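Topology and contacts: notes
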Amino acid sequence: MAAPAEGSEAALKAALADVPELARLLEIDPYLKPYAVDFQRRYKQFSQILNSIGENEGGIDKFSRGYESFGVHRCADGGLYCKEWAPGAEGVFLTGDFNAWNPFSYPYKKLDYGKWELYIPPKKNKSVLVPHGSKLKVVIKSKSGEILYRISPWAKYVVREADNVNYDWIHWDPEHLYKFKHSRPKKPRSLRIYESHVGISSHEGKVASYKHFTCNVLPRIKDLGYNCIQLMAIMEHAYYASFGYQITSFFAASSRYGTPEELKELVDTAHSMDIIVLLDVVHSHASKNSADGLNMFDGTDSCYFHSGPRGTHDLWDSRLFAYSSWEVLRFLLSNIRWWLEEYRFDGFRFDGVTSMLYHHHGIGQGFSGDYSEYFGLQVDEDALTYLMLANHLAHTLYPDSITVAEDVSGMPALCSPISQGGGGFDYRLAMAIPDKWIQLLKEFKDEDWNMGNIVYTLTNRRYLEKCIAYAESHDQALVGDKTLAFWLMDAEMYTNMSVLTPFTPVIDRGIQLHKMIRLITHGLGGEGYLNFMGNEFGHPEWLDFPRKGNNESYHYARRQFHLTDDDLLRYKFLNNFDRDMNRLEERFGWLSAPQAYVSEKHEGNKIIAFERAGLLFIFNFHPSKSYTDYRVGTALPGKFKIVLDSDAAEYGGHQRLDHSTDFFSEAFEHNGRPCSLLLL
């Protein structure tokens, strides 16, 4: 029997039969109906792989424990069990300090499907064969006869010593492993994310440590009212200036900040403060390094990656995973589980999702929003299926785990449940919002800002697909760009941020807009909020890691938290506002409330007003006009009081509002709302 034609009623009926809750997705967005067969195909591919894992591996639970057998493991009898996947190798050997670096004395035995294993019996005196802290290498004999020294893809700890170019694989098997003291916090009702990088978390010109972050930064995050940390650059990366996005060892926590046990302590301490921790996971690509990375592991250009041009990302100069490969799926899904279980992360921000979703990797694509851009041959459905499997695994193991997609394309249903044919993510980053703020600051005077355009950008998101709103992240702070504070105030930040100097027009306007941009993004832009460390208090300048181009300087690779601790500097005002904004959200929960009702976006008056979670938000963006007896619409009858005022003295404002005033709404229709009130 021939398959039903796409778009026909029969095809739609077949798709609805195959995808359990597709009807709900099409009810939410009827414009997706012509693409029902695409959702059917994606869901069937996901289900088939899941079933195949069940039949061949005993289920995804077993399949995702690859790290328990692959790599190098001490056995109960004191011996050593080693296993690798190297389908292109002619021979595999283990060498290291333990055998005086004899490359061929411990050969692996060849198994089916490109796997190799080795068992080394214990010493006669039962002492440890490979002591904790000793160096190891896998030796690969390639098909061309080349002898290659490699780090196991499953290595749990790698270190670069002194001036060495490459990392060394260190056997991590300490006598005393860190014992977690605190249980995971419950999934927060509203997500307020503090995006963090351990290495730059000190004001000193050096790489900061896990210990430093635990002792000095975690208390700040708690005080500021954030309930989630997104940790960048944790998966080991040989090149510090890559910001952690060129991964060399996927199972190793970066040693430049300390030991695996110290990272566990960081996560555990955050949990004790009721703060959840997300890992910035990079499964979109891998470093091209071969001596200390995954590239050419078995002497071929394939193994974990696509062979030929498909296996290389032209812009990032990195390798691209072959997501249809059985062992690649085992490796990546096991990696997801490893970070959840070994380190007790509470979820992930998936980096580079747009690059994964499309064969064109988003390069040169504008993404107009036309639905045809998200379906068809340009979509890499193997990568999409992997993302569905990763989300399924994370949410099956830990139902409270959170996954966030970094996707600039706006693919429909990426954040819908898998049962609807969606990608299964909890949130996507609202990447258009920071771009809009930067565009406004670069190209327009603030008196020319378009209120309707700002509101459109902040509210333009898919119904029931949650977004993380942010005014700026690490991306906007990178060298070549500037933080919002620096766009607003620029060089005057060096001379006029002291409370002992009078307010200049630039500093005054900059401080006020910095607060307003953050609050309107927080209140209107999404179902979660993100801030990059230090930007809450208007961190000056930009981010630049030590590299040849800047004489290996750490000057811009640090966070100057002392600026906000100095009572004589105005940074404290921005810090105070950020703290109280988060605390107010905790109290009223607007991020978990339905999307706001915008009652006013007045171009002449530069006023935006909206209601959300029982609060009335009113913004005056006019550079020179204040208003008295200004009528604002509301759905709520009764008494109103000011709960947050960007013009208050503790936030560097001018105290033009009397906080003791009660405002009463009356049954007077205004701007489509049944009630309204006059602001004095």
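Residues numbered from 1 in each chain as written. Predicted model: local features only at pLDDT ≥ 70, side-chain atom pairs only at ≥ 80, totals over all residues. Heavy atoms only, no water.

Labelled according to an unreviewed UniProt entry, the protein chain appears under the name 1,4-alpha-glucan-branching enzyme, originating from Callithrix jacchus. Among the UniProt annotations of the protein chain, the heading Catalytic activity (unreviewed entry) holds the following wording: "Transfers a segment of a (1->4)-alpha-D-glucan chain to a primary hydroxy group in a similar glucan chain." A UniProt comment under Sequence similarities (unreviewed entry) is attached to the protein chain, and it reads "Belongs to the glycosyl hydrolase 13 family. GlgB subfamily." (UniProt positions renumbered as here; feature names shortened; annotations may be inferred.)

1. Examining the nonpolar core
Trp339, Tyr386 and Trp437 are the most contacted members of the largest nonpolar core, which totals 181 residues. In contact with tyrosine 386, other than residues within four places in its own chain, are His283, Tyr323, Leu329, Leu332, Leu333, Ile336, Phe350 and Met356. Of all hydrophobic cores here, the second largest spans 13 residues; its members include Leu191, Ile193, Val404 and Tyr470. (Core = buried A, V, L, I, M, F, W, Y, C linked by side-chain atoms within 4.5 Å. Buried < 20%, exposed > 50% of the residue type's maximum accessible area, 1.4 Å probe, protein only. Contact = heavy atoms within 4.5 Å.)

2. Quick look at the packing of aromatic side chains
Two measures describe an aromatic ring pair: the distance that separates the ring centres and the angle between the ring planes. Per the counting criterion, the structure on display carries 48 aromatic pairs. Ring centres of tryptophan 85 and tyrosine 304 lie 5.2 Å apart, and the angle between their planes is 85°; on these two criteria the pair is classed as edge-to-face. In this pair, tryptophan 85 sits in strand E2 (residues 80-85) while tyrosine 304 sits in the loop between strand E14 (276-281) and strand E15 (312-313), placing the two residues 219 residues apart along the sequence. Just as tryptophan 85 is buried, tyrosine 304 falls in that class too. With a centroid separation of 5.0 Å and 75° between ring planes, the pair formed by phenylalanine 93 and phenylalanine 104 is classed as edge-to-face. (Phe/Tyr/Trp six-rings, centres within 6.5 Å; stacked < 30°, edge-to-face > 60°. Helix = DSSP H or I, 4+ residues; strand = E, 2+ residues; numbered from the N terminus.)

3. Remarks on the layout of surface pockets
As a volume, the largest pocket reaches approximately 1400 Å³. Lining the largest pocket are 44 residues, with Ile618, Asn620, Asp645, Ser646 and Leu657 sitting closest to its centre. Of all elements in the fold, only helix H14 (505-524), helix H16 (571-588), strand E24 (615-620), strand E26 (638-640) and strand E28 (675-679) reach the threshold of two or more residues within the lining of the largest pocket. When residues in the lining of the largest pocket are grouped by element, the largest group, seven residues, is from H14. (1 Å grid on protein atoms, 1.4 Å probe; cavity = no way out; pocket = protein on both sides within 12 Å on 5 of 7 lines; lining within 4 Å. Points joined across faces, edges and corners; volume = space filled by probe spheres on them.)

4. Focus: the environment of tryptophan 169
The topology assignment puts tryptophan 169 in strand E9 (residues 168-170). Remark: the alpha-carbon pair of tryptophan 169 and serine 152, spanning 17 residues in sequence, is separated by 7.9 Å.

5. Looking at the sheet that holds E2
What the four strands build is an open sheet, ordered E1-E2-E5-E4; its pairing is antiparallel. The open sheet terminates on both sides in strands that have one partner only, identified here as strand E1 (71-74) and strand E4 (109-110). (Pairing = 2+ DSSP bridges.)

6. Points about the packing of helix H10 (residues 432-443) against helix H11 (residues 451-459)
At a minimum axis distance of 9 Å, the contact between H10 and H11 shows a crossing angle of 160°. Compared by their axis directions, H10 and H11 come out roughly antiparallel. Crossing geometry of H10 relative to H11 is assigned as left-handed. Residues Ala432, Ile433, Lys436, Trp437 and Leu440 of H10 pack against Asn453, Ile454, Thr457 and Leu458 of H11. Broken down by class, the residue content of the contact of H10 with H11 amounts to six nonpolar, two polar and one charged. (Axes fitted to C-alpha atoms, helices over the stretch in contact; angles between N-to-C directions. Parallel < 35°, antiparallel > 145°, perpendicular 65-115°, else oblique. Left-handed = near helix turned anticlockwise from the far one by under 90°. Nonpolar A, V, L, I, M, F, W, Y, C, P; charged D, E, K, R; others polar.)

7. Quick look at the side chain of arginine 631
Mapped onto the secondary structure, arginine 631 falls in strand E25 (residues 630-634). At a separation of 2.8 Å, a polar atom in the side chain of arginine 631 contacts the side chain of serine 676. Discounting residues that sit within four places of it in the chain, arginine 631 has contacts with Glu600, Glu666, Phe668, His670, Ser676, Leu677 and Leu678. (Polar contact = N/O pair within 3.5 Å; in protein donor to acceptor, adjacent residues only side chain to side chain.)

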